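This is what each chain is made of:
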Amino acid sequence: MAKRDYYEVLGVDKNATAEEIKKNAELKLNELEEKRQAIADAQEALANAQNQRTVRVYNRETGQWEWIADEKDVQKAQENLEKAQKSYQDALFDAELER
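Reading the values: rules and limits
Residues numbered from 1 in each chain as written. Predicted model: local features only at pLDDT ≥ 70, side-chain atom pairs only at ≥ 80, totals over all residues. Heavy atoms only, no water. Helix = DSSP H or I, 4+ residues; strand = E, 2+ residues; numbered from the N terminus. Buried < 20%, exposed > 50% of the residue type's maximum accessible area, 1.4 Å probe, protein only. Contact = heavy atoms within 4.5 Å. Areas by Shrake-Rupley, 256 points an atom, 1.4 Å probe, with all protein chains shown as cover. pLDDT = per-residue confidence, 0-100. Salt bridge = Lys/Arg side-chain N within 4 Å of Asp/Glu carboxyl O.

**Q** Can you walk me through the overall build of the protein chain in this structure?
**A** Secondary structure summary: the protein chain contains three helices and two strands in total. Along the protein chain, from the amino end to the carboxyl end, the secondary structure elements read α-α-β-β-α. Across the 99 residues that make up the protein chain, the buried fraction comes to 15%. In the protein chain, once contacts between residues fewer than 6 apart in sequence are set aside, the share between residues at least 24 apart is 44%. Accessible surface computed for the protein chain: about 8400 Å², of which carbon and sulfur atoms make up 49%.

Structure, rendered in structure tokens:
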């Protein structure tokens, strides 16, 4: 594995103080945590949206209540979730490369 320039990874000058290095490291970690939280929020929202799009209807032919969902909406929500998960995985991969 190639050596990394840790100053570049943290976005600080080579003459940075320990305080500046710590501050930038915390900022980078916070950015990654914000991305992770955004994906967790998106997953929860989409799961809730999927559940809300599921409707209980009465089928007069069978005389029973059934659950139905708009498949297009459910599929779109799943695609958006997969995109968000991919984005997060890419961010994690980039963070690993920067180590």
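More follows now that the structure is in view.
**Q** How should I be thinking about the confidence of the model for the protein chain in this particular structure?
**A** Parts of the prediction with low pLDDT should not have their coordinates interpreted in detail. Put simply, the protein chain has an average pLDDT of 78, and 72% of its residues get 70 or more. Across the protein chain, the element-wise mean pLDDT spans from 62 in strand β1 (residues 54–59) up to 90 in helix α1 (residues 6–10).

**Q** Can you help me understand the pattern of salt bridges in this one?
**A** Any two side chains of opposite charge can pair if their charged atoms end up close together. Applying the stated criterion to the full structure yields three salt bridges. Measuring nitrogen to oxygen at the nearest pair gives 2.9 Å for the salt bridge that ties Arg36 to Glu33. Residue Arg36 and its partner Glu33 are both found in helix α2 (residues 18–52); the two are separated by three residues, about one turn of the helix.

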